[in-house]
Amino acid sequence: MTLVLLVRHGLTAVTGSVLSGWTPGISLDDRGTAQAQALATRLAPVPLDAIVCSPLDRCAQTAAAIAAGRPGVPFHTDDRVGECRYGDWTGKPLKKLAKEPLWRVVQQHPSGARFPGPDGESMLEMQYRAVSAVRDWNFRLGPEATYVVCSHGDVIKAIVTDALGLHLDQCQRVQADPCSLTVIRYTPLRPFVVRMNDTGGDVAGLIRHEGGRPGRRAESDGVVGGGAGQGVTAAGAREAVTADAQG
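Residue numbers run consecutively from 1 along every chain, following the written order of its sequence. Reporting in this predicted model follows two pLDDT cut-offs: at least 70 for local features of residues, and 80 or more for side-chain atom pairs to be given and counted; totals over whole chains, interfaces and linings ignore these cut-offs and use all residues. In computing side-chain values, all of the structure's heavy atoms are included and hydrogens and water are not.

Asker: I tried to follow the overall build of the protein chain on my own but got confused; where do I start?
Answerer: The helix and strand inventory of the protein chain stands at eight helices and six strands. A helix here means a DSSP run of H or I that spans at least four residues, while a strand means a run of E at least two residues long, and both kinds are numbered starting from the N terminus. Mapped in sequence order, the helices and strands of the protein chain form the string β-α-β-α-β-α-α-α-β-α-β-β-α-α. For every residue, the accessible area obtained with a 1.4 Å probe (protein chains only) is divided by the maximum for its type, and the residue is called buried under 20%, exposed over 50%, and partly exposed between those limits. Counting over 247 residues, the protein chain shows a buried share of 45%. Only heavy atoms matter for contacts: two residues are in contact if any of them lie within 4.5 Å across the pair. Excluding contacts between residues fewer than 6 apart, the proportion of contacts in the protein chain whose partners are at least 24 apart in sequence is 73%.

Asker: When you look at the packing of helix H1 (residues 30–43) against helix H2 (residues 57–67) in this model, what are you seeing that I'm missing?
Answerer: Two elements in contact, H1 and H2, have axes separated by 8 Å at closest approach and are oriented at 35°. Considering only the axes of H1 and H2, their crossing is right-handed. For the pair H1 and H2, contact is made by Ala36, Gln37, Leu39, Ala40 and Leu43 and by Thr62, Ala65 and Ile66, respectively. Here the nonpolar group is Ala, Val, Leu, Ile, Met, Phe, Trp, Tyr, Cys and Pro; Asp, Glu, Lys and Arg are the charged ones; every other residue, Gly included, is treated as polar. Of the residues belonging to the contact of H1 with H2, the class tally is six nonpolar, two polar and no charged. Lines fitted to C-alpha atoms define the axes here, with helix axes fitted over just the stretch in contact, and angles between the N-to-C directions of these axes take values from 0 to 180 degrees. Left-handed describes a crossing whose near helix is turned anticlockwise from the far helix by less than a right angle; the clockwise case is right-handed.

Asker: What am I meant to see in the environment of Cys171 here?
Answerer: Mapped onto the elements of the fold, Cys171 is located in the loop between helix H6 (153–163) and strand S5 (181–186). A relative accessible area of 3% means that Cys171 is categorised as buried. Between the alpha carbons of Cys171 and Val155 there is a distance of 9.8 Å; along the sequence they are 16 residues apart. Look past the residues within four positions of Cys171 in its chain and what remains in contact with it is Pro110, Met123, Lys157 and Thr161.

Asker: Help me understand the packing of aromatic side chains, please; the structure alone is not making it clear to me.
Answerer: The description of an aromatic ring pair uses the distance of the two centres, along with the angle that the planes make with each other. Stacked, edge-to-face and tilted labels apply to pairs of Phe, Tyr and Trp rings (six-membered ring for Trp) whose centres lie within 6.5 Å, assigned for plane angles under 30 degrees, over 60, and everything in between, in that order. Under the counting rule described, the total for this entry stands at three aromatic pairs. Between Trp89 and Trp103 the ring centres are 6.2 Å apart and the planes differ by 25°, which places this aromatic pair in the stacked class. Remark: Trp103 occurs in helix H4 (residues 101–108) and Trp89 occurs in the loop between strand S3 (75–77) and helix H3 (94–97); sequence separation between them is 14 residues. Of the two residues, Trp89 and Trp103, both sit in the buried class. Ring centres of Trp89 and Phe115 lie 5.4 Å apart, and the angle between their planes is 65°; this geometry places the pair in the edge-to-face category. Here Phe115 lies in the loop between H4 and helix H5 (123–141) and Trp89 lies in the loop between S3 and H3, a separation of 26 residues in the sequence. Judged by relative accessible area, Trp89 falls into the buried class, the value being 6%.

Asker: What exactly am I supposed to notice about the sheet that holds strand S6 (residues 191–198) here?
Answerer: The pairing of strands in a sheet comes from backbone hydrogen bonds and takes either a parallel or an antiparallel form. What makes two strands pair is DSSP finding at least two bridges between them. Spatial ordering of the open sheet is given by S3-S2-S4-S1-S5-S6, a layout of six strands whose pairing is mixed. Taken across any chain shown, the strands that pair with only one partner, and hence form the sheet edges, are S3 and S6. On average, each strand axis in the sheet is inclined to that of its neighbour by 20°, with strand direction left out of account. Where strand S1 (residues 2–8) lies against S5, six bridges are found, and the strand directions are antiparallel. Bridge assignment links Leu3 to a residue of S5, and that residue is Arg185. Strands S1, strand S2 (50–53), S3 and strand S4 (146–151) of the sheet are contacted by H2, whose axis makes an angle of about 170° with S2.

Asker: Explain unusual backbone geometry here, please?
Answerer: Trans is the common state for peptide bonds, and a negative phi is the common state for residues other than glycine. With phi around 60°, Cys179 is a residue other than glycine that occupies positive phi space. When its relative accessible area of 6% is taken as the criterion, Cys179 is described as buried. Of note, Asn197 is a non-glycine position whose phi angle comes to about 55°, a positive value. In this structure, Asn197 sits in strand S6.

In structure tokens, the structure reads:
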């Protein structure tokens, strides 16, 4: 199974007020830098096989914090996980854009939205390139890999929607906050969304342990009844219950 850690970049001075898109030179502010460092510290116990990053500054800075202290981990820049190309909307205040007719399309029917201007792309095109990138890196890095993809809110939402087997029109039901962690486990049969929009959870469950990998069929199966949680075997669950009863 391949474990993909989707990380949204940290805050910038215009996050939430201006649609930055592919505008160059948008860097993390002090809050974003602190967020990136906190996430890097939280992820430090998790061995990584690679870091894949959007080329935009805010992602590069967030990913650099995660990469610090990991000199042997390959760092790749991939345009396919870059921000959606918003065309003529790029750089405009969100309050102004919310008055545009296209805004409602993006909210209610994003699969039908194409951003205006020669540089604009559709949200479907964005989803296709981003999901294709993840699948490509899964193949390159292999089924035992754990790696980070540092990207953007709409891109992460599109990847999660695909992993959940949902139509892109459901992507606005997914949330990806600044410097949040979303984790997807890809197996031969299906992806599993392990966590979503996590901004402070424990990462012990993301660390691989020798001998803990199930067979190909088992790792792809959805556990009937919900199971005992990731990384907990049936025997381990019984031991925990016995210890609790005795304690």
